[in-house]
Amino acid sequence: MPDLIRYIDLIKKGNVVAFPTETVYGLGADAWNPTAIQKIFTIKGRPSDNPLIVHVSEEEQVHEFSDHIPDSAHTLIEEFWPGPLSLVLPKKSKVLDAVTAGLDTVAIRMPDHDTAIEFISKTGPLVAPSANKSGRPSPTKSEHVKTDFGEDFPVIDGEATKIGLESTVLDLTGDQPEILRPGSISRKEIEDVLGFSVHESFFDHMERPKSPGQKYSHYKPKAEVRWLGAEEEPDDQDCLYLLLTSNYGSSANIINFNNDLDLLARQIYDRLRQADIEGFSTVVIENFQDMDHPIIPALLNRVQKAIG
Ligand code: AMP
Ligand code: MG
């Protein structure tokens, strides 16, 4: 565990600090300090209508932000927390508009990461979007944060994140739970635990999605990103190929994921960033929609946005 004292002090003084979680690195600020939260929007270049997820270290802290916690939330918390599931609940009136972008709901999760939990247990609840410049691939290594925000930026060091995609965002404020952003916790897992069906809205109404973040350009490297064509051979030296099922053997510009979609999820943002560092013009990804794996909706959502 890294020494956290300096970082806890920075948060208490109203600064932002990047920290590892199991999904991606987060850019944390005190959830009750409007000046600190404003720094997140400025540093990231994040549109002000895109709300932030509150990260807690104890279930009890949910009550600071919401006093309408349905039974379904308790059931899901019991099963999936700590973990990559953000729950959207009605917010208490005192929750800052800067956190919710003026919405009357607030998203909350508890990360499954020892350093993150230790940190939040000392600072109190933190709002934490991904620690990247808005629009860029999310950070899954501390060096990605430094690439975007500079060598001297305060980042709590950790390993590469173990999931590599952001949390599933589930809205519990309507008649039926609704997935607003897909993540590694799948619709089926949620339905199995709740015992009834949930809605998925992230592919409809992209113009005015209920999760404001879904309408913005995201996860984009400088390189173009596209799908591998049906009969296409991976033979262009300007392209970085990310292959799943075809077998061409690995080389400097061909990465074989050998049917492992969890590995692709863990590495996708790093590979998009690698393409820029190594000067590839294009990242070419083999389509995985016909494969059978619960992470497909989340991975597809990220790749489609990177393609733009
Ligand atoms: P990020 O933390 O950058 O991965 O983005 C957080 C995601 O959660 C964005 O897509 C937000 O739009 C979404 N989000 C956060 N709070 C809410 C909320 N109260 N209602 C709906 N979506 C939310
Ligand atoms: Mg983000």
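Residues numbered from 1 in each chain as written. Chains lettered and ligands numbered in written order. Predicted model: local features only at pLDDT ≥ 70, side-chain atom pairs only at ≥ 80, totals over all residues. Heavy atoms only, no water.

K.L.:
Would you mind going over helix H6 (residues 114–123) with me for this structure?
P.N.:
Residues of H6 that are buried include every one of Thr115, Ala116, Phe119, Ile120 and Thr123, and no others. Looking straight down H6, one finds that the buried residues subtend no more than 125° of arc, so they occupy a single side. Buried residues along H6 sit in contact with helix H1 (5–12), strand S1 (17–19), strand S3 (53–55) and strand S6 (126–127). In the stretch just after H6, glycine 124 is the one whose phi turns positive, near 90°. (Buried < 20%, exposed > 50% of the residue type's maximum accessible area, 1.4 Å probe, protein only. Helix = DSSP H or I, 4+ residues; strand = E, 2+ residues; numbered from the N terminus. Arc of directions from axis to C-beta. Contact = heavy atoms within 4.5 Å.)

K.L.:
Just to check I follow, could you spell out the nonpolar core for this structure?
P.N.:
A general trend in soluble globular proteins is that nonpolar side chains are found buried together. In terms of nonpolar packing, the biggest core is built from 42 residues, with Leu76, Trp81, Leu85, Leu87, Ile108, Val127 and Ile190 touching the most fellow members. At the level of elements, strand S2 (26–30), helix H2 (34–44), helix H3 (62–65), helix H4 (71–80), strand S4 (85–90), strand S5 (105–109), helix H7 (142–149) and helix H8 (187–194) are the ones that each hand at least two residues to this core. Among all residues touching valine 127, those that are not within four sequence positions of it are Leu27, Gly28, Ala29, Ala31, Ile37, Ile40, Leu52, Ile53, Val54 and Val99. Of all hydrophobic cores here, the second largest spans 28 residues; its members include Val225, Leu242, Phe280 and Val303. (Core = buried A, V, L, I, M, F, W, Y, C linked by side-chain atoms within 4.5 Å.)

K.L.:
Help me out: how do you make sense of the sheet that holds strand S13 (residues 282–285) in this one?
P.N.:
One key point about sheets: their strands pair by backbone hydrogen bonds, in either a parallel or an antiparallel sense. Taken together, four strands build an open sheet; the order of strands is S10-S13-S11-S12 and the sheet is parallel. Bordering the open sheet on either side are strand S10 (224–227) and strand S12 (254–256), each of which pairs with just one other strand. Each strand axis lies, on average, 15° off the axis of its neighbour in the sheet, ignoring direction. Where S10 lies against S13, four bridges are found, and the strand directions are parallel. Bridge pairing in S13 places glutamate 224 opposite threonine 282. (Pairing = 2+ DSSP bridges. Axes fitted to C-alpha atoms, helices over the stretch in contact; angles between N-to-C directions.)

K.L.:
Where do I start with the packing of H4 against H8 in this structure?
P.N.:
Between two packed helices, both the angle of their axes relative to each other and the distance between the axes serve to describe the pair. Interaxial distance between H4 and H8 falls to 10 Å at its minimum, and their mutual angle equals 115°. Taken as a pair, H4 and H8 cross one another with a handedness that is right-handed. Seen from H4, the contacting residues are Ser72, Thr75, Leu76, Glu79 and Phe80; seen from H8, they are Glu189, Ile190, Val193 and Leu194. Of the residues assigned to the contact of H4 with H8, the class counts are five nonpolar, two polar and two charged. (Left-handed = near helix turned anticlockwise from the far one by under 90°. Nonpolar A, V, L, I, M, F, W, Y, C, P; charged D, E, K, R; others polar.)

K.L.:
Just checking my understanding: could you explain the pattern of salt bridges for this structure?
P.N.:
Oppositely charged side chains can pair when the atoms bearing their charge come close. Under the criterion given, the structure shown has 14 salt bridges. Aspartate 148 is paired through a salt bridge with arginine 273; the nearest N and O atoms lie 3.1 Å apart. Of this pair, aspartate 148 sits in helix H7 while arginine 273 is found in helix H9 (residues 261–277), placing the two residues 125 residues apart along the sequence. Here lysine 188 makes a salt bridge to aspartate 192, at a shortest N to O gap of 2.7 Å. Highlighted residues: lysine 188 and aspartate 192, both in helix H8, separated by four residues, approximately one helical turn. Comparing lysine 188 with aspartate 192, the two get one shared label, exposed. Sharing partners across several salt bridges, the network here consists of Arg136, Asp148, Arg273 and Asp276. (Salt bridge = Lys/Arg side-chain N within 4 Å of Asp/Glu carboxyl O.)

K.L.:
What am I meant to see in H4 here?
P.N.:
Among the residues of H4, Ser72, Ala73, Leu76, Ile77 and Phe80 are the ones counted as buried. Down the axis of H4, the sector holding all buried residues measures 130°, keeping them to one side. More than 90 degrees from the buried face of H4, the exposed residues found are Asp71 and Glu78. In this structure, the buried side of H4 is in contact with S4, strand S7 (168–171) and H8.

K.L.:
Is there a simple way to explain the sheet that holds S3 in this structure?
P.N.:
Judged by pairing direction, the sheet is mixed, and its nine strands sit side by side in the order S1-S2-S6-S3-S5-S4-S7-S8-S9 without closing on themselves. Only two strands of the sheet have a single partner each, and these edge strands are S1 and strand S9 (199–200). Taken together, the three bridges between S7 and strand S8 (residues 178–181) define a ladder with antiparallel strand orientation. Counted as the bridge partner of valine 169 is arginine 181 from S8. The strands touched by H4 within the sheet are S4 and S7, with S4 carrying the most contacts at an inclination of about 160°.

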